[in-house]
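Reading the structure
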Protein chains: 2
Amino acid sequence: MRIRCLLMLSAIMISTSAAITVGDEGMWLPNRLPEEHLKKTYGFDADQAWVDHIRKSCLRFGRGGSASFVSPDGLIMTNHHVGSSAIAKLSDSEHDYLKDGYYAATRDAELKCEGMELFSLVEIRDVTEKIHGASKPGMSTAESAAARDAAKSEIEKSAKDETDLHPEIVTLYGGRQYHLYLYKIYTDVRFVFAPEQGIAFFGGDISNFGYPRFNLDVAFFRAYEDDKPAKTDSYLKWCDGGVSENDLVFVVGHPYRTQRINTAAHLGLLRDVELPMILAAYNQLEVELFQFQDESEEHRRIATDMLHGVQNGRKAFKGILEGLLDANTMKQKLAIENELKAFVNEDPTRKSEWGDPWKDIHDAIRKTEEVFPAYYLAENRRMRMPTQFRVAKLLIRMAEELDKPDAERLSEYRDANLESIKRSIIATGPIYPDLEQMVLTDALTRMARMLGGDHAIVRAALNGQRPAERAATILRGTKLTDQSERERLLEGGKDAVANSKDSMILFAKLLEGYARPLRKQIEDEWESVEADAYTRIAKAMYAKYGESVYPDATGTLRFSFGTVKSYEEQNKTVPHTTTIGGGFELAREHKNADPFTLPESWLKAEKKLNATVPFNYVSTCDIIGGNSGSPTINRNGEIVGIIFDGNIQALIWDIQFTQEQARGVHVDSRAIIESLKNVYGADAMVKELIGN
Amino acid sequence: MRIRCLLMLSAIMISTSAAITVGDEGMWLPNRLPEEHLKKTYGFDADQAWVDHIRKSCLRFGRGGSASFVSPDGLIMTNHHVGSSAIAKLSDSEHDYLKDGYYAATRDAELKCEGMELFSLVEIRDVTEKIHGASKPGMSTAESAAARDAAKSEIEKSAKDETDLHPEIVTLYGGRQYHLYLYKIYTDVRFVFAPEQGIAFFGGDISNFGYPRFNLDVAFFRAYEDDKPAKTDSYLKWCDGGVSENDLVFVVGHPYRTQRINTAAHLGLLRDVELPMILAAYNQLEVELFQFQDESEEHRRIATDMLHGVQNGRKAFKGILEGLLDANTMKQKLAIENELKAFVNEDPTRKSEWGDPWKDIHDAIRKTEEVFPAYYLAENRRMRMPTQFRVAKLLIRMAEELDKPDAERLSEYRDANLESIKRSIIATGPIYPDLEQMVLTDALTRMARMLGGDHAIVRAALNGQRPAERAATILRGTKLTDQSERERLLEGGKDAVANSKDSMILFAKLLEGYARPLRKQIEDEWESVEADAYTRIAKAMYAKYGESVYPDATGTLRFSFGTVKSYEEQNKTVPHTTTIGGGFELAREHKNADPFTLPESWLKAEKKLNATVPFNYVSTCDIIGGNSGSPTINRNGEIVGIIFDGNIQALIWDIQFTQEQARGVHVDSRAIIESLKNVYGADAMVKELIGN
């Protein structure tokens, strides 16, 4: 189940039978904005120059976040919580940059982040014909798939040779279209500024996905080339003023994955199998992390980033589950589904061409749902494992895959991706033995709890020992903690990996023995059926609803739009914006107790700060995980804020858009400048952002 | 699955094939101490007067803890964590006795605890013959069971009429014996003293079930009769000195439940179904409680006792699961099992009489394991529900059961128990709306996560709403929060309950509709098979190993014995005792940070305290949950400490005794006196305990 590319009812379409109007819905491809709708509804003309400028100014931050260039000298803005892993890796027992923040007033104080990759989208090419053309009449399904893979490999290879850019083929609309995205990758990235965690994550886990908010969830990095700040022609200028209620704004970033096309049966799988399993794993680890953190100040520091990640995931998945348990969600889904089914069934040609994809998905789920837990655990999908395990698995798979022709490899091991994989094997960041022991014990316990003590995978994984003993045995016998050993195995390739007696390599191999067949089974019996069925559903939707549709999110650059807008909750209006003064008030209400503790720097600066400056605001822009760090842009293409969250009502956006109460949450650009000036005295940065 | 009464290899027996000697194993009935073994091994003569005196001095604290009289004026000692619910109920936003502690220097400052019950065991009668005699030849199994129930009801009734004591029939050795326990119940209990939580639970969750420890886990209450301190002829005197390593000590209390007779298949059910389910529920609630507590100071206070309960349970169950995942545990169990199987099979008479109870248990598990989650959830076994739900369920069942003859009721609703149930309906303690909302939301989410959104119970429970909405709807519509409404329904009985439109009553009735059939199915297909099979296994064990056996724990008074003893861990000796000075050192190591924060009173008193006084110590006494608060007694029957925990290696004692590393953990009686004197200035109490 790699990230699929799906299709959803468009922003403009009104589903007659379900009677849902979804005003600002849509995560639009940079080359396919709904121009007419924008013109008609907002009187806005999205000309191509405007779109291209913004596209070039935006970045993918690693594999799972968004960012943008905000100065001609490579200055990058993202969220504190997007940069937090990098910031945590730079920290040590003397410097806790995550907790205490950091500001490099001069270039030479900027701190180099190891293993970082920022992706700038240079060009998009439509390669649909080439890939579709590879599949010839008379080929079997398997032969077609192999031919398409070969074409993809060839396209990537020649694009790389031609442009020296990083190629990624993006499957859109369930395989109805393929685009080639060409990225420039920045690998020399340096840490410039972050506020204290106390204000970046003010209100902590309990405020996360909440609103009203008072968070300075922002951090700055800088791209370097040849050891000098990168010269970036395209960057976003800072807006002089700010936004007001009902203003049109755009959010441009990398939403990771939506599942809005999912059938009701597929949502049932999510609700009854996947989400409960993921939540059980998250709950278990969160409880372990709490205990771990209480053991010492050092433990608190080294586990903070992981804990926040787990809490964030737990809250997000729980929100989706809650949405799915609402009878209305399924009712709406079924209404839409039945409308489309009727459309297919009323015409014999459609029926014979598309069959009953809903039933196919339903049947495939019934056939495979029992094996999902084992598959998730063995393939380590959304299940946390120690860093050394992740490295061991990459080394093992790389050794195997490199033996094959490019086109036959698992896609993530094609030549185009090898540099990234190598970097992630070498630059792991610090590895903390105590934390790894806890994580591996937790992982082994999780397997036993989910599969039972007699399951073959569990017996093999535990090897007769208790989880904690087994974890200690494996961690005692691994040298993957040393960079030199990782390099040796990487360079040594297949033979080195085959001959390694490293206990983590052996353990990862052991699990591989179960993971591979399970992956194959899931690919054959579920993913292939699913992909095929959703392609047919996508075709049917396209036939019925026409051009004005957007593909489900795929972790690639998308444009969303909407307006800054208050909403009603429990018969009260939640105002569209908060103020800096409101943050101080809330801290006082909580006696400045954790997690409502304002940092010293803010308490000291209170008199200097203008309490009426807007702090956070909400909009109807259609966002999702992965959008974190996306710049918020006005009609003039200027920065008016940065997305950092959605409210609790927006969690369901993974599977269904609504805009009655659901909102994206932004940091106001004015609060960023106000605090940079008056809390952090970051004058050089302010000057770089807004001039004098 | 009410608490079963099982049988285990005795302390003296050596299982030849498995070659396990279990030195100090045993939770002995007060009228069946292993006299010979005590004499032979420890040169100790447990004469009946000694035993009777101790029995009369000991108490069951509510349904799940232990305590003892420690003065002639009804003064009672137990653990802080045993008394914590009562202490929390006395607290409010002005007085947080749980956190801050309390000392009533005079009688009139002693605070009355509502709804409390202390059980003092006055007499034991062997009623085996009467109950066995009720079952006549020719009766079917069901008729036999009904006849035995009628006999039990009759025995209880006439005992209550005769003595005015509270009767409980205890099923021992899988039904091979029945004893009638007659209790005096103290219902006027007042709170006298507790230290701050910071020292009672020093080290918090991470130290719980750990050793070395530095905890003053002790609290004092007082029994009253006719508004005056109860005159207690039997009470335990304080030892002048203390214990040394290798001293023989006794622990006398109420171990709640062991499962040492369980077959390997039954342990598999525990490992693969029950424990993972319980742990998932605990993990989910613990995470919710953390979020809840962060919301405000008031939330922190009202949820502390629940959080500690959940954490304690989570750690205990996790410890048992870890033990079960150790291949040696199952290996040992199978060795013992095979030895007994061979003994049965080698003789045709034995074989025809006892059959193959191991297979019967195995088959019953296969037949019923799928239904356990629904049964656990609907019957609310180990699953937390709001107080009002508990009350609603009691009211509904009481109304139904009172309609039946005594002998036909669920045993907990027989006349002998009605007063207790009524008290628990009326005296609920404070009910906090926010906490109930969280708990009910959590409960509804748990059902959906465990059973899936389409399960009939989940559909009925949620009624189309999201968990949080549904919880709010139910809680808005209930008046069970008012004592007067609870009294009205209690007095109104069946008609009042039937006519009630209270939303919680309706919700509880809805769940009852599912719970009753599930309970019946589990009783018919699992519990009856299990009870019958274990009776046969018990008989076989008795035939093979003879008299020197003790029954599995049943929540009734038991004597354990052992010696104060250090142990080896990771090639180091863990000394048998810690000192008060060691506690200060540990706090300093952690910079007095939570959970290693010593209370102000201790920091102030450091100079006055004798740092060398022993604080906590460990022994080989065989204890388990429910033993908390048990007095530790020397040969002279004097107090030398109080049990408050077992170390992590002792968690497996639920199912298997070992004494290589496993230890019970005690507060030393000398640390209690030292701190009462020099930290709390509790001179009147010290005088009452030890004289001048």
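Residues numbered from 1 in each chain as written. Chains lettered and ligands numbered in written order. Predicted model: local features only at pLDDT ≥ 70, side-chain atom pairs only at ≥ 80, totals over all residues.

1. Some thoughts on the relation of the copies chain B and chain A
To keep things clear, this is the line we draw: The copies are overlaid by a least-squares fit using only the C-alpha atoms of residues whose pLDDT is at least 70 in both copies. We call two residues in contact when their backbone-placed C-beta atoms lie within 7 Å.
When chain B is fitted to chain A, the best match, at an RMSD of 0.0 Å, comes from turning it 180° and sliding it 0.0 Å along the axis. In the structure described here, the two chain copies are related by an operation that fits a two-fold rotation axis. Among all C-alpha atoms of chain B, that of B:N283 lies closest to the rotation axis, at 2.8 Å. The fraction of interface residues of chain B whose copies in chain A are also interface residues reaches 100%, indicating that both copies meet through the same surface.

2. Points about the interface of chain B and chain A
Let me state the cut-off plainly: For the purposes of this entry, the term helix denotes a DSSP run of H or I that reaches at least four residues, the term strand denotes a run of E that reaches at least two, and both are numbered from the N terminus. Asp, Glu, Lys and Arg are counted as charged, while Ala, Val, Leu, Ile, Met, Phe, Trp, Tyr, Cys and Pro are counted as nonpolar; the rest, among them Gly, fall into the polar class.
Opposite the 35 residues of chain B that make contact, chain A presents 35 residues. Among the elements that make up the side of chain B that touches chain A, the one with the highest residue count is helix α9 (residues 264-294) of chain B (13 residues). Partitioning the side of chain B that touches chain A into residue classes produces 14 nonpolar, eight polar and 13 charged.

3. Topic: α9(B)
Residues and elements named next belong to chain B. Short version of the rule: How far a helix is expected to stretch is found by multiplying one less than its residue total by 1.5 Å. Think of it this way: the bend at a residue is just the angle between two axes, each fitted to seven residues, one set ending at that residue and the other starting at it. Whether a residue is buried, exposed or partly exposed is read from the other C-beta atoms within 10 Å of its own C-beta, which are placed from the backbone; 20 or more gives buried, 12 or fewer gives exposed, and intermediate counts give partly exposed.
In a regular helix each residue adds 1.5 Å, so 31 residues correspond to 45 Å; α9 covers 43 Å between its end C-alpha atoms and thus fits that length. For α9, the principal kink sits at L270 and spans about 35°. Along α9, 24 of the 31 residues are buried, which leaves the element largely enclosed by surrounding structure.

4. A closer look at the sheet that holds strand β20 (residues 577-579) of chain A
Working definition: the strands of a sheet are paired by backbone hydrogen bonds and lie parallel or antiparallel to each other. Residue and element names in this part refer to chain A. The condition that has to hold: In short, DSSP must find at least two bridges between two strands for them to pair. Angular values range over 0 to 180 degrees, each being the angle between N-to-C directions of two axes fitted as lines to C-alpha atoms, with helices fitted over their stretch in contact.
The seven strands are arranged β17-β15-β22-β23-β24-β21-β20 in an open sheet whose pairing can be described as antiparallel. Looking at which strands have only one partner, the edges of the open sheet turn out to be β17 (558-563) and β20. In this sheet, adjacent strand axes meet at a mean angle of 30° when their direction is disregarded.

5. So, the domain arrangement of chain A
Residue and element names in this part refer to chain A. Our working definition: For every domain, the bounds stem from an assignment made automatically or drawn from a database.
According to the domain assignment, chain A consists of domain 1 (7-117 + 187-252 + 552-690), domain 2 (126-185) and domain 3 (264-543). A C-alpha centroid distance of 25 Å is found between domain 2 and domain 3. Contributing elements (two or more residues each) for the side of domain 2 that touches domain 3: α6 (141-163) and β10 (166-172). When residues of the side of domain 2 that touches domain 3 are assigned to their parent elements, the largest contribution, six residues, is made by α6. Class assignment for the residues of the side of domain 2 that touches domain 3 results in three nonpolar, four polar and five charged.

6. Some remarks on the confidence of the model for chain A
Residues and elements named next belong to chain A. For clarity, the cut-off: pLDDT is defined as a per-residue confidence score from the predictor, taking values between 0 and 100.
Summarising the model, chain A shows a mean pLDDT of 92, and 96% of its residues fall at 70 or more. Note that residues 1-21 has pLDDT below 50 and, in this model, 67 contacts with residues that lie over four places away or in other chains. Interface confidence for the predicted complex, expressed as ipTM, amounts to 0.89; the pTM equals 0.91.

7. Some thoughts on the packing of helix α15 (residues 387-401) of chain B against helix α16 (residues 415-426) of chain B
All names here are of chain B. Selection criterion: Crossings are sorted by hand: turned counterclockwise from the far helix by less than a right angle, the near helix makes the crossing left-handed, and turned clockwise it makes it right-handed.
Relative orientation of the contacting elements α15 and α16 amounts to 145°, with a least axis distance of 9 Å. The chirality of how α15 crosses α16 is left-handed. Contacts between α15 and α16 involve V391, L394, L395 and M398 from the former and I421, S424 and I425 from the latter.

8. Re the sheet that holds strand β21 (residues 614-619) of chain B
Residues and elements named next belong to chain B. Within the open sheet, the seven strands sit side by side as β17-β15-β22-β23-β24-β21-β20. Their pairing is antiparallel. Either end of the sheet is taken by a strand with one partner, and the two such strands are β17 (558-563) and β20 (577-579). Neighbouring strand axes in the sheet, compared pairwise and without regard to direction, differ in orientation by 30° on average. In this structure, strand β15 (residues 248-253) lies alongside strand β22 (residues 631-633), joined through two bridges in antiparallel fashion. Each bridged residue has a counterpart across the sheet, and for V251 the counterpart in β22 is T632. Contacting β21, β23 (639-646) and β24 (664-668), helix α24 (residues 669-678) runs over the sheet at an angle of about 35° to β24.

9. Examining the packing of helix α13 (residues 357-368) of chain B against helix α21 (residues 503-545) of chain B
Residues and elements named next belong to chain B. For clarity, the threshold we go by: An angle counts as roughly parallel when it lies under 35 degrees, as roughly antiparallel when it exceeds 145, as roughly perpendicular when it falls between 65 and 115, and as oblique in every other case.
Where α13 meets α21, the axes come as close as 9 Å, and the angle between the chain directions of the two elements is 165°. As the angle between them shows, α13 and α21 are arranged roughly antiparallel. In this structure, α13 meets α21 at a crossing whose hand is left-handed. On α21, the residues that touch P357, D360, I361, A364, K367 and T368 of α13 are I522, E525, W526, V529, E530, A533, R536 and I537. Of the residues that constitute the contact of α13 with α21, the class distribution is eight nonpolar, one polar and five charged.

10. Description of the pairing of strand β24 (residues 664-668) of chain A
Residue and element names in this part refer to chain A. The buried fraction of β24 amounts to five of the five residues, a majority that puts the element mostly inside the structure. In β24, alternate side chains face the same way, and those of G664, H666 and D668 on one face and V665 and V667 on the other are all buried. Examined bridge by bridge, strand β21 (residues 614-619) and β24 share four bridges and lie antiparallel to one another. In the strand pairing of β24, V618 is matched with V665. Across five bridges, the pairing between strand β23 (residues 639-646) and β24 is antiparallel. Its bridge partner lying in β24, G646 is registered against G664.

11. Observations concerning unusual backbone geometry
Note that the residue after A:D594, namely A:P595, is joined by a cis bond; omega there is 0°. On the secondary structure map, A:P595 appears in the loop between α22 (580-589) and α23 (600-605). In this structure, B:F209 is a non-glycine residue whose phi angle is positive, near 60°. Mapped onto the elements, B:F209 comes out in the loop between α8 (204-207) and β13 (219-225). Phi angles above zero are rare outside glycine, and B:R382 is one such case at about 60°. Relative to the assigned elements, B:R382 resides in the loop between α14 (372-378) and α15. Since 14 C-beta atoms lie within 10 Å of it, B:R382 is described here as partly exposed.

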